[in-house]
Amino acid sequence: MSTGHRAVARARFRESLARWLFIAPAAVYLLLFFGYPIVKNIVMSFQQYTITTFYTGAPPFVGLQNYSTILSSDLFSKALLTTVLFTAGSIVGQFVLGLAFALFFQRSFPLGQVLRSLLLLPWLLPLVASGTTWRWMLDSDTGVVNAALRVLHLLPSGVPWLTGTSQALVSVTLINIWVGIPFTTTILYGGLQDIPTHLYEAAKLDGAGPVTTFRHVTWPLLRPVVSVVLVLGTVYTVKVLDIILVVTGGGPADATETVATQSYELSFQQFEFGRGAAMSNVLFVISLASAMVYLRANRRAQNA
Amino acid sequence: MITPARPPARRSAARLGAGIATLALVATGCGGGGGAGAGSAPGKVTSITALDYYTDQTEHAQWGELLAACGGTVGVTVEQTSVPGASLIPNVLQQASSRTLPDLLMLDNPDLQQIAQTGALTPLDQYGIDSSGFAKGILSASTYDGKLYGLAPDVNTIALFYNKDMLAKAGVAVPRTWAELKAGAARLTRPGRYGMAVDANATFEGTWQFLPFLWSNGGDEKQLATPQAAQALQLWVDLVKSGSMSKSVLNWTQSDVSDQFVAGRTAMMINGPWRISALNEAKNLHWGVAPIPVPQAGQNPVTPLGGEVWTVPQSASKARQEKAAQVLACLNDSANMLALAKQHFTVPSRSAVAAQYAEQVPSMAAFVQSVEAARARTGELGVKWPQAATGIYTAIQYALTGEQTPEEALQHAQQIATSP
């Protein structure tokens, strides 16, 4: 009796142990490579973590000082606004163009496949390489873009793409849209493929035109994919660093300085690791908040 | 955390080729019974490590040879590692936290004081190294809290490079004053070509290029919001506004500036002697070099001092530190600094050797003259310099884009320089 009981208990224990063992690798991995850095970053943001810390190994605790320093600097509000404009501009541009491309490639036509794969090109190039190329192309004096504008007699004086404070933000946003189109198109195209064709046929029979079909068939069924694209796109765009660093370096006159580039500069150029960590936590909160806002709005829309 | 003493002990034991048994003995502090290789007598160190940022193949090889030769004179082999310039400090920080700093460490001179402040470096006076006769600028860059932590065999600074053919054709004499620079640059400007180019990048490089103009006019990094500083900044603004200098200088690095010069898209530029070998490769380019123009005729330009200093980091082994210090002394002896200067178009950092060098290599005379009066960037502000430097390049960017007047921009710079 009691042995049987024990056997059952042992079997149960073994079963739960096995369950934990299956989870363990993933859990350890997550804790080590995601949990630890996040916790370390949060701790660091409350410390005066500078070059000296690396040798002494003992960063003094400074409470909220890092946060108050970065949040009160006049550069922060500017960088925050730039981040919002850059993100919003990129997302809108990427989404509109990406959706247009996805709808376009949904029809079958000669060379459609080839063109669709060419569209992936920006995605395949290393960002530093494409950024450097863009920098050359947009050079005010020798860049091909201004040369083309001159030849076409559109703008004989050219546009200061990277040297004008208002133009530079537009330039990096446009480049980021170019980088983001493949991602948006690919996911939206996949979403469009999943919409059953008989719905389109039914709409046609009911006499729906292309606009009505899009509004009442395509858009409602594409919504879940759209929310994925927008949330991921926002999270990706908020933290964009490489494009801006390569193309403008945050300049001219801080015109393209975002929260992400600020965080990078604090940590890796000024070696103010504590402040850099605080800034990256701000960034973390921003992308988390934007994801939450969108997800919640989406859930409400679905329930309604 | 690893205790400071252990990794070096383990490392040196491994180097000496001793087995695991010896390793245990060394680690537990009783290496008495070891063979010929083990033990901690000062004479027994047979190899030391060195870290620098000379990743260029030729440069790496030239430094490698010199390090090996100097190592040979004191009976050690030197294991040289070179990392790219931008990753040197991150690398050093990592090594500092894991107590694996090399025995001999090269640093860019404005970084020395910050690293010395951490306590990771040893003062050189304890090794009896002779620092007499060195140019004042380099000694002030290498001194922290009254103690000397590094020495640079050769130093450099920036000067005005000009395209001889373009100046001759336009009938422009090499400018010596700001007024001549402005007038000359304007006359040299053609469609598709600018008269002048600088690096006004939002990095420390932009600051470095602006310093000769700031300092020669009596400006100072301790107080940036002054008329002298504003005049210097106004000069750059005027050059851009008049179209003599491209607005793209806002994004150019020093090597971009040099590329523009080689491509014939600018007639003059500010740059350093490290570009000379690249300039010599351009066959049709006839270039000359002159001191940077000064506000009024007859003044001497005050330029920033560039160059890399060699230091001896803290380590557990006094014997290794001694050896590293001996190699450092050898790198900095007169013969070697002369050879290095000739190899890299730099200037020997001992004034007497520099004078000798100017006689032997007349094309470097402009640099020798400038280096004599050159100022170290960290000479006045020490570890606070990076903040002032950030303020200066920010001011350059705001003034050249026309976002602010030079006066406003420098007010802003002063705020950045003195913010906590």
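Located above this text is the structure these notes cover.
The structure displayed is predicted, hence computed values, not measured ones.

Student: Looking at this structure, I do not really get the overall build of chain A. What am I missing?
Tutor: If you tally the helices and strands in chain A, you get 14 helices and zero strands. In sequence order, the secondary structure elements of chain A are arranged as α-α-α-α-α-α-α-α-α-α-α-α-α-α. Computed over the C-alpha atoms, the radius of gyration of chain A is 26 Å, more than 25% above the 19 Å expected from 2.2 N^0.38 for a compact globule of 304 residues. Considering only C-alpha atoms, chain A reaches an extent of 90 × 65 × 35 Å along its principal axes. Among the 304 residues that make up chain A, the fraction classed as buried is 32%. The contacts of chain A with a sequence gap of at least 6 include a subset with a gap of at least 24, amounting to 67%.

Student: Which parts of the structure should I look at to understand the nonpolar core?
Tutor: A general trend in soluble globular proteins is that nonpolar side chains are found buried together. The biggest cluster of nonpolar side chains holds 158 residues, and the ones touching the most others in it are L233(B), L328(B) and I396(B). Beyond its immediate stretch of four places on either side in the chain, I396(B) contacts A200(B), G206(B), F210(B), L233(B) and W236(B). Membership of the second largest hydrophobic core comes to eight residues, among which are I177(A), I181(A), Y189(A) and V229(A).

Student: Is there a simple way to explain the sheet that holds strand β8 (residues 159–163) of chain B in this structure?
Tutor: Whenever strands of a sheet pair, they do so through backbone hydrogen bonds, lying parallel or antiparallel. All names here are of chain B. Reading across the sheet, the four strands line up as β9-β10-β8-β11 and stay open at both edges, with mixed pairing between neighbours. Of all strands in the sheet, those with a lone pairing partner are β9 (194–197) and β11 (287–290), marking the two edges. Each strand axis lies, on average, 20° off the axis of its neighbour in the sheet, ignoring direction. In this sheet, strand β10 (residues 266–271) lies alongside β9 in parallel orientation, the contact comprising three bridges. Bridging across to β10, M196 finds its partner in M268. The strands that helix α11 (residues 254–262) touches are β8, β9 and β10; relative to β10, the one it contacts most, it runs at about 155°.

Student: Can you help me understand the interface of chain A and chain B in this one?
Tutor: Quoted interface sizes are often the accessible area lost when the parts come together. Taken together, the contact between chain A and chain B spans 21 residues of the former and 24 residues of the latter. The element best represented in the side of chain A that touches chain B is helix α2 (residues 51–56) of chain A, accounting for five residues. Of the residues contributing to the side of chain A that touches chain B, the split by class is seven nonpolar, 12 polar and two charged.

Student: I tried to follow the environment of L75(A) on my own but got confused; where do I start?
Tutor: All names here are of chain A. With respect to the element layout, L75 can be found in helix α4 (residues 74–106). Spatially, the C-alpha atoms of L75 and D254 are 8.1 Å apart, while their sequence positions differ by 179 residues. Excluding its chain neighbours within four sequence positions, the residues that come into contact with L75 are D254, E257 and Q262.

Student: How do you make sense of the sheet that holds strand β12 (residues 308–311) of chain B when you look at a structure like this?
Tutor: Residues and elements named next belong to chain B. The strand order across the open sheet built from five strands is β2-β1-β3-β12-β6, with neighbouring strands paired in mixed fashion. Taken across any chain shown, the strands that pair with only one partner, and hence form the sheet edges, are β2 (77–82) and β6 (150–151). Alignment of strand β1 (residues 47–52) against strand β3 (residues 104–108), held across two bridges, turns out to be parallel. Bridge assignment links A50 to a residue of β3, and that residue is L104. Sheet contacts for helix α13 (residues 318–331): β1, β2, β3, β6 and β12; angle to β1, the most-contacted strand, approximately 55°.

Student: Before we go on, may I ask you to explain unusual backbone geometry in this structure?
Tutor: For residues that are not glycine, phi is negative in most cases, and the peptide bond is trans in most cases. Backbone geometry places H153(A), a non-glycine residue, at a positive phi of 55°. Among the structural elements, H153(A) can be located in the loop between α8 (144–151) and α9 (165–193). When the 7 C-beta atoms within 10 Å are taken as the criterion, H153(A) is described as exposed. With a phi angle near 55°, R99(B) is a residue other than glycine that sits in the positive phi range. Tracing the chain through its elements places R99(B) in the loop between α4 (85–97) and β3. Of the residues examined, R99(B) has 21 C-beta atoms within 10 Å and is grouped as buried.

Student: It is not clear to me how the pairing of β2(B) should be interpreted in this structure. Could you clarify?
Tutor: Remember that side chains alternate between the two faces of the sheet whenever the strand is regular. Residue and element names in this part refer to chain B. Pairing geometry for β1 and β2, over six bridges, is parallel. Residue T49 lies in a different strand from β2, and its bridge partner there is E79. You can see the chain leave β1, run along helix α3 (residues 57–74) and come back into β2, and the turn it takes is right-handed.

What counts and how
Residues numbered from 1 in each chain as written. Chains lettered and ligands numbered in written order. Predicted model: local features only at pLDDT ≥ 70, side-chain atom pairs only at ≥ 80, totals over all residues. Helix = DSSP H or I, 4+ residues; strand = E, 2+ residues; numbered from the N terminus. Rg over C-alpha atoms; globule rule 2.2 N^0.38 Å. Buried ≥ 20, exposed ≤ 12 C-beta atoms within 10 Å, placed from the backbone. Contact = placed C-beta atoms within 7 Å. Core = buried A, V, L, I, M, F, W, Y, C linked by C-beta atoms within 7 Å. Pairing = 2+ DSSP bridges. Axes fitted to C-alpha atoms, helices over the stretch in contact; angles between N-to-C directions. Nonpolar A, V, L, I, M, F, W, Y, C, P; charged D, E, K, R; others polar. Right-handed = clockwise from strand over helix to strand, strands pointing away.

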